[in-house]
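Coordinate analysis (summary)
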Amino acid sequence: QVQLVESGGGLVQPGGSLRLSCAASGSIFSINAMGWYRQAPGKQRELVAAITSGGSTNYADSVKGRFTISRDNAKNTVYLQMNSLKPEDTAVYYCNTNLRAGDLRYLEVWGQGTLVTVSS
């Protein structure tokens, strides 16, 4: 069984920074893209940032220049560095990945979510 475990959420003041981490564990053959999504109260889940196994990145317009996604392939871990946080960044952040498990099945896996609250 493959799972994603997130960490790093919390309460931060506007203008502050947080770093989210997401580690994949279990029987994994290979990991393709990894990404972060978020869902604010009353809103649909949206893509925040994604990164391919080769390191190509994609960001939502609302976070460009403020957030940076990176990954450590050796640790099966993806990070999201969030700077200049705004109240509108408040949401539950979810890690997501598409991978091949040890039995070579293709799987899409979601983390449990971590709450980020930006407030003074």
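Residues numbered from 1 in each chain as written. Predicted model: local features only at pLDDT ≥ 70, side-chain atom pairs only at ≥ 80, totals over all residues. Heavy atoms only, no water.

Attention now moves to the side chain of R71. Inspection of the secondary structure puts R71 in strand β7 (residues 67-72). Within the buried set, R71 has no salt-bridge partner at all; the shortest N-O distance to an opposite charge, 8.2 Å, is to D72. Here the side chain of R71 touches N32 through a polar contact of 2.7 Å, landing on its backbone oxygen. In terms of polar contacts, R71 uses its side chain to reach the side chain of N73, at 2.6 Å. Contacts of R71, omitting those with residues within four sequence positions, involve I31, N32, A33, M34, I51, T52, S53, T77, V78 and Y79. (Helix = DSSP H or I, 4+ residues; strand = E, 2+ residues; numbered from the N terminus. Buried < 20%, exposed > 50% of the residue type's maximum accessible area, 1.4 Å probe, protein only. Lys, Arg positive; Asp, Glu negative; His and termini not counted. Salt bridge = Lys/Arg side-chain N within 4 Å of Asp/Glu carboxyl O. Polar contact = N/O pair within 3.5 Å; in protein donor to acceptor, adjacent residues only side chain to side chain. Contact = heavy atoms within 4.5 Å.)

Bringing unusual backbone geometry into the picture now. The backbone of N76 sits at a positive phi, close to 50 degrees, despite the residue not being glycine. The residue N76 is located in the loop between β7 and β8 (77-82) in this model.

If you walk through the whole model with that rule in mind, you get five salt bridges. Note that D61 is salt-bridged to K64, the shortest N-O span being 3.1 Å. For the pair D61 and K64, a shared accessibility class is recorded, and that class is exposed. The partner of R66 in a salt bridge is D89, and the shortest N-O contact between them spans 2.7 Å. You can see R66 sitting in the loop between β6 (57-59) and β7 and its partner D89 sitting in the loop between β8 and β9 (91-101), a full 23 residues away along the chain. Judged by its relative accessible area of 1%, D89 falls in the buried class. Beyond isolated ion pairs, a larger network of salt bridges with shared partners links R38, E46, R66 and D89.

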